[in-house]
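Descriptive structure summary
Chain by chain, the residues:
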Amino acid sequence: MADPVATRDVRVSPHGTAVTPGARVVQVQKSLMTHNDGVAAANRAAFKGCLVLNIVSSPGSGKTALLERSVRELAGDLRVAVVVGDLETDNDAVRIHAAGAPSVQIVTGTVCHLEAEMVARAVDQLDLAGLDVLVIENVGNLVCPASWDLGEDLRVTLLSTTEGEDKPLKYPRIFKDADAVVINKVDIAEAVGFERERALDAVAKVSPGTPVFELSARTGEGMDAWLAFVRERLAAKRG
Ligand SMILES: Nc1nc2c(ncn2[C@@H]2O[C@H](COP(=O)(O)OP(=O)(O)OP(=O)(O)O)[C@@H](O)[C@H]2O)c(=O)[nH]1
Ligand SMILES: [Mg+2]
């Protein structure tokens, strides 16, 4: 099995000395993905009765804000913990902790996504058996996280009203694979000229039938439907 850390540099180097650089890139990437998929399957088995969400979006769309409010609103009856990935700082884990949930920060350095092994190490620090919901906040990025299974039950792609309605068309994979799409910052939609129908059409085009939740993590508008969805999916997982 290739060591993912040792091989990562080969994969990203655009000017390597390999005679057939294209072939090497494919081979190394494939071995990294195979390794990741194995660890993701082990994570999925370990998560058992706990619902696991993987939240992906551009930087600053409001992933942590959504989680802060979700943690506060679910705290009455559900035990929630959060694993957060960022290139640097533990700012988001500190925010989640202040909102009342256990949180573990993964600092990825130069890596633009979370991998299953990083999540496996992070959840070692949590009491998984005592949890109802585990949320993984991925590194802010609409490209890299799309390829990496973490062992989650649901992938949630978040889009904010400030980003442009065409993002689902420009970054289709991360919307296509989503189990739910959240449109955040509806409180400022009018001020930023957000064209709601265009955004909904773009989501429907790349990911037909995927549920869309329009909300504001700041004001709380629309949160009820989102939280009801989380509860429903937890109940469905537990049968
Ligand atoms: N108006 C408004 N601002 C919001 C909302 N949600 C988040 N914000 C603001 O958007 C900024 C980014 O929010 P974060 O929660 O840090 O976003 P993030 O996606 O976690 O960012 P990264 O972790 O850096 O990728 C902050 O200034 C938030 O206060 C919202 O619903 N409405
Ligand atoms: Mg964040």
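Heads up: the structure comes first, above all this text.
Attention in this report is confined to the structure presented alongside it.

**Concerning the coordination of the magnesium ion (ligand 2)**
- Only Thr64 (OG1), Asp92 (OD) and Glu137 (OE) from the protein reach the magnesium ion (ligand 2) as donors, at distances of 2.0 to 2.1 Å.
- Between consecutive donors of the magnesium ion (ligand 2), the numbers of intervening residues give the motif T-x27-D-x44-E. Highlighted residues: Thr64 in helix H3 (residues 63-74) and Asp92 in helix H4 (residues 91-99), separated in sequence by 28 residues.
- Overall, the relative accessible area of 5% leaves Thr64 in the buried class.
- You can call Asp92 buried: its relative accessible area is 11%.

**Examining the nonpolar core**
- Judged by nonpolar contacts, the single largest core of 30 residues is most densely connected at Leu53, Val135 and Trp226.
- Counting only elements with at least two residues in this core, the list comes to strand S1 (51-57), H3, strand S2 (80-86), H4, strand S4 (133-137), strand S5 (154-160), strand S6 (180-184) and helix H9 (223-238).
- Ranked by residues supplied to this core, first place goes to H9 with six residues.
- Excluding residues within four positions of it along the chain, Val135 makes contact with Leu53, Ile55, Leu67, Val80, Ala81, Val82 and Val83.
- With 20 residues, the next largest nonpolar core counts Val104, Leu114, Val119 and Leu126 among its residues.

**Re the packing of aromatic side chains**
- One pass over the structure, following the stated rule, counts three aromatic pairs.
- Ring centres of Phe213 and Trp226 lie 6.0 Å apart, and the angle between their planes is 70 degrees; on these two criteria the pair is classed as edge-to-face. Here Phe213 is found in strand S7 (residues 212-214), whereas its partner Trp226 is found in helix H9, with 13 residues between them in sequence.
- Overall, Trp226 belongs to the buried group, its relative accessible area being 1%.
- Ring centres of Phe213 and Phe229 lie 5.0 Å apart, and the angle between their planes is 45 degrees; this geometry places the pair in the tilted category. Taken together, the positions of Phe213 in strand S7 and Phe229 in helix H9 put the pair 16 residues apart, joining distant regions of the chain.

The rules we used
- Residues numbered from 1 in each chain as written.
- Chains lettered and ligands numbered in written order.
- Predicted model: local features only at pLDDT ≥ 70, side-chain atom pairs only at ≥ 80, totals over all residues.
- Heavy atoms only, no water.
- Donors = N, O, S within 2.8 Å, 3.2 Å for Na, K, Ca; no water.
- Helix = DSSP H or I, 4+ residues; strand = E, 2+ residues; numbered from the N terminus.
- Buried < 20%, exposed > 50% of the residue type's maximum accessible area, 1.4 Å probe, protein only.
- Core = buried A, V, L, I, M, F, W, Y, C linked by side-chain atoms within 4.5 Å.
- Contact = heavy atoms within 4.5 Å.
- Phe/Tyr/Trp six-rings, centres within 6.5 Å; stacked < 30°, edge-to-face > 60°.

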